[in-house]
Amino acid sequence: MTSAPVMARAGDNGVVSLDYGLASTMLALGSVPRAIASLRNWSEWVVEPTMPQGVVDIGTTSEINLEVLTSLRPSLILSTPFLAALDEKLSRIAPVATFTVYAENGDALDRSYAETRRLGAMIGRQRQAEAFLARADATFERLRERVRSLSAPPVAVINFVDQRHARIYSGPGLYGGTMRRIGLENAWKGEASYWGFQTIGLEQLAELDEEAHLVVVSPLLPPDVLTRLSESPLWASLPFVRRQRISVVPGVLMFGMVQEALRFSTLTVDVLETAAR
């Protein structure tokens, strides 16, 4: 793990993030990054919080615009282990701090808490980090009470890959850890990588509990996938389809941190309550 040899000053607007989850966490702590990677796709994959005006797009992580990055004279670059190949080039421009949320032998939500604290200390926002995490704890507890009072059914969470395949979430990833935190039973009992998902054929959804409620996280790929599936005898035969136990929620970054866990859990409990009425 690489720690920056200098500490970014709170409010100096000199921090660049190559990771959406870290950028979102900065916003939660009241600090706006100077620049991020893949800014143009932020509104599709992160959705909320919105990124303030003036933040610079430095290109994708596979094609960082080093000229633009150098011109910004950043005080700190936030990265992850999956971008380690960039460290040598980036460290010539500014100190690089690597944060690990998704890795073997751990839970993404637990690691998100730890790395939020480390980020807060690094950018001079330690007090704000503790306050944010205290609010998160309180929100998760309120959601847990709502789940308990709802007697919520088992829930399966998917993203469509295409008309025949989906990512289904469980295990140590952010969605799976968040469901455990608020007391929701995961209807999918299969294994998952540390990223928290497994790619399955849609026919495997027949393995879900008869009472399961399916939560589909946007964006829908392809956009008309549910309309097309309505014409499929296999899809129509699935218990959650027959019982109309399907809800679609807006996009939530599946590889995010605490802020995304809060958004995912709130949206999920909201649709379960709506379905129960």
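Predicted model only: the values in this text are computed from it and were never measured.

Empty space within the largest pocket amounts to approximately 650 Å³. When residues in the lining of the largest pocket are grouped by element, the largest group, three residues, is from helix H1 (residues 20-28). Per-class residue counts for the lining of the largest pocket are 16 nonpolar, nine polar and two charged.

Glancing now at the sheet that holds strand S10 (residues 246-249). Strand order in the open sheet formed by five strands is S8-S7-S6-S9-S10, and the pairing between neighbours is mixed. Taken across any chain shown, the strands that pair with only one partner, and hence form the sheet edges, are strand S8 (197-201) and S10. The average angle at which neighbouring strand axes cross in this sheet is 35°, direction not considered. Bridging between strand S6 (residues 155-160) and strand S9 (residues 213-217) involves four bridges; their strand directions are parallel. When the bridges of S9 are listed, Val155 appears paired with His213. Each of S6, S9 and S10 is contacted by helix H11 (residues 258-276), which is oriented at about 135° to S9, the strand it contacts most.

How each quantity is defined
- Residues numbered from 1 in each chain as written.
- Predicted model: local features only at pLDDT ≥ 70, side-chain atom pairs only at ≥ 80, totals over all residues.
- Heavy atoms only, no water.
- 1 Å grid on protein atoms, 1.4 Å probe; cavity = no way out; pocket = protein on both sides within 12 Å on 5 of 7 lines; lining within 4 Å.
- Points joined across faces, edges and corners; volume = space filled by probe spheres on them.
- Helix = DSSP H or I, 4+ residues; strand = E, 2+ residues; numbered from the N terminus.
- Nonpolar A, V, L, I, M, F, W, Y, C, P; charged D, E, K, R; others polar.
- Pairing = 2+ DSSP bridges.
- Axes fitted to C-alpha atoms, helices over the stretch in contact; angles between N-to-C directions.
- Contact = heavy atoms within 4.5 Å.

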